[in-house]
Amino acid sequence: MAVHGTRLRSADASGRRRCIVALAGLAVPCQAPASPAEAVGARSLVVGPTGSPASFTAALREARDGDTIDLLPGEYRGTVGVIEQRRLTIRGLGQRPVFVADGRHAEGKAILVVRNGDVRIENLGFRGARVPDGNGAGIRFEKGRLRVERCVFTDNENGLLTANFGDAELDVVDCEFGRAPRRVGSLPHLLYAGRIARLAVTGSRFHRGFEGHLIKSRARVTELRYNMIRDSNDGGASYEVDLPNGGQALLLGNVIGQGMHTQNPVLVAYGAEGGVHPRNELVMSHNTLISEGRLPGWFVRAWSDKVPGFDGVLAVNNLVVGAGVFRLGAGGSFDGNWPATLGMLADVTTAAFELPPDSWLRGRAIDPRDVQGRDLAPRAEFEWPVGTRPLPTDWARWTPGAYQR
């Protein structure tokens, strides 16, 4: 079956790929730098939700290494698959296409399974993943390198779940994870990284969990930058960030918030199940930590006795909002951190979690550009509803919390 809906031109001297998608009166020009999953001479395979010009299943079967599968807008109901190519890009065109599980799954694991390769998935939605063992995912990432960008995960047993291969790397950029299934005892996690080499999450939003955690990572290196990790008041998650096996963790410029229906008072948990990695450290810089629960929150808790070589938290310029304990939850080095109340923020009801321009806390943080030999300064801020906006490169008036402007 022919599934090509494009006319491809060879790459120009700068290595940029040019194509024109001309299909049923739709003209979609695309011109983008070749990604790691693309190569000179790669094809674009265009698919639609009704199987015209081709089905996603047929395109996935025909795609060769370096190809791109472009999805036209619509709902891809009951469409699942296993990605076995070594290099592949899968992306939605225009208004975000959505995979709706409709009771189907690939290998009893997920809507999409990424087997082992250098794969990029962009501008797609994943909804309703259910599998017999209750551990279904929108995407199950097993091995290799995966970048997920501008995707939305809703109502899945796990939004995005990885295996435990020690050399796997996962990057999540400008994505949304939310609305965990409300099934008592199921412990759904919005994002769950196993014992992989690296998890990096940037500019993404996590909300409306239930019993499970918003982010759970067993990775050797976990980097969370400029995210909105806040369970809203109609959510009921446990930890907002769970790092059960320690490792090297950097939390920089995030809003991390706990709602009134939380299942556990701890917002950030480190080492609860014991360390397994050669290096262990938890660095928290310029985060806004918010407790809106009925009881006082435990903003960070570290099980130092369970993690070999862990010397405590390095916490710099965090804004701690609401009732609860911060420094008492973990030993270590704390500097430039300030307490605040919800009323001191600009407008909690509209998720404006910055300090007002006239706040007396403005400019009261320490210089984060050299803290024990580390540059812990934020370079951007989370921008609603997903994404980031950069800070000026010459920024030097530091304020506690995730927002500087």
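Residues numbered from 1 in each chain as written. Predicted model: local features only at pLDDT ≥ 70, side-chain atom pairs only at ≥ 80, totals over all residues. Heavy atoms only, no water.

A. Quick look at the overall build of the protein chain. Of the regular secondary structure elements, the protein chain holds 1 helix and 38 strands. Considering the protein chain as a whole, with its 405 residues, one finds that 59% of them fall into the buried category. Restricting the contact set of the protein chain to residue pairs at least 6 apart, pairs at least 24 apart contribute 67%. (Helix = DSSP H or I, 4+ residues; strand = E, 2+ residues; numbered from the N terminus. Buried < 20%, exposed > 50% of the residue type's maximum accessible area, 1.4 Å probe, protein only. Contact = heavy atoms within 4.5 Å.)

B. Focus on the pattern of salt bridges. If you walk through the whole model with that rule in mind, you get 30 salt bridges. With a shortest N-O distance of 3.6 Å, E122 and R150 are connected by a salt bridge. Taken as a pair, E122 in strand β11 (residues 117–122) and R150 in the loop between β14 (144–149) and β15 (152–154) lie far apart in primary sequence, 28 residues in all. Assessed through its relative accessible area of 12%, E122 is described here as buried. Each member of the salt-bridge network shares a partner with another, and the members are R120, E122, R147, E149 and R150. (Salt bridge = Lys/Arg side-chain N within 4 Å of Asp/Glu carboxyl O.)

C. Examining the sheet that holds strand β27 (residues 255–258) more closely. With parallel pairing, 11 strands are arranged side by side in an open sheet as β6-β9-β12-β15-β18-β21-β24-β27-β30-β33-β36. Since the sheet does not close on itself, it has two edges, and those belong to β6 (75–77) and β36 (338–340), each with one partner. Averaged over all adjacent pairs, the angle separating strand axes in this sheet is 10°, with direction ignored. (Pairing = 2+ DSSP bridges. Axes fitted to C-alpha atoms, helices over the stretch in contact; angles between N-to-C directions.)

D. Here's a closer look at the sheet that holds strand β8 (residues 87–92). Spatially, 12 strands are ordered β4-β5-β8-β11-β14-β17-β20-β23-β26-β29-β32-β35 in an open sheet, and the strand pairing comes out parallel. Strands at the two margins of the open sheet, each flanked by one partner only, are β4 (44–47) and β35 (332–335). Looking at each pair of strands side by side, their axes are set apart by 10° on average, direction ignored. As judged from the 5 bridges shared by strand β26 (residues 248–252) and strand β29 (residues 281–285), these two strands associate in the parallel manner. Note on β29: the bridge partner recorded for Q248 is E281.

E. Main features of the packing of aromatic side chains. With the rule as written, the count across this model stands at 9 aromatic pairs. Look at F326 and F334: their rings are 5.2 Å apart centre to centre, the planes differ by 85°, and that puts the pair in the edge-to-face class. With respect to class, F326 is no different from F334; both count as buried. Look at W338 and W360: their rings are 5.5 Å apart centre to centre, the planes differ by 85°, and that puts the pair in the edge-to-face class. Of this pair, W338 sits in strand β36 while W360 is found in the loop between β36 and β37 (380–382), placing the two residues 22 residues apart along the sequence. Taken together, the ring pairs in this structure connect F56, Y76, F99, F126, F153, F177 and F206 into an aromatic cluster. Positioned over the ring face of W384 is R205, at 4.3 Å from the centre of the ring. (Phe/Tyr/Trp six-rings, centres within 6.5 Å; stacked < 30°, edge-to-face > 60°. Lys NZ or Arg CZ within 6 Å of the ring centre and 35° of its normal.)

F. Inspection of the pairing of strand β23 (residues 221–225) at higher detail. Along β23, 4 of the 5 residues are buried, which leaves the element largely enclosed by surrounding structure. In the sheet, strand β20 (residues 198–202) pairs with β23 via 5 bridges, with the strands oriented parallel. Directly across from L199, in β23, lies its bridge partner T222.

G. Seen up close, the nonpolar core. Formed by 82 residues in total, the largest nonpolar core has its most connected members in I69, I121, F126, L251, L282 and V313. Examining the composition of this core, we find that 5 residues originate from one element, strand β10 (residues 110–114), more than from any other. If we skip the residues at most four places from it in the chain, L282 touches L243, A249, L251, Y270, V300, F310, G312, V313 and L314. (Core = buried A, V, L, I, M, F, W, Y, C linked by side-chain atoms within 4.5 Å.)

H. Quick peek at the side chain of E223. As for its position among the elements, E223 is in strand β23. Looking at E223, its side chain comes within polar contact range of the side chain of R225, at 3.2 Å. Excluding its chain neighbours within four sequence positions, the residues that come into contact with E223 are R198, L199, A200, V201 and L250. (Polar contact = N/O pair within 3.5 Å; in protein donor to acceptor, adjacent residues only side chain to side chain.)

I. Inspection of the layout of surface pockets at higher detail. Roughly 160 Å³ of volume is contained in the largest pocket. For the lining of the largest pocket, a count of residues per class yields 6 nonpolar, 1 polar and 4 charged. (1 Å grid on protein atoms, 1.4 Å probe; cavity = no way out; pocket = protein on both sides within 12 Å on 5 of 7 lines; lining within 4 Å. Points joined across faces, edges and corners; volume = space filled by probe spheres on them. Nonpolar A, V, L, I, M, F, W, Y, C, P; charged D, E, K, R; others polar.)

Geometric values such as these leave the question of function open.
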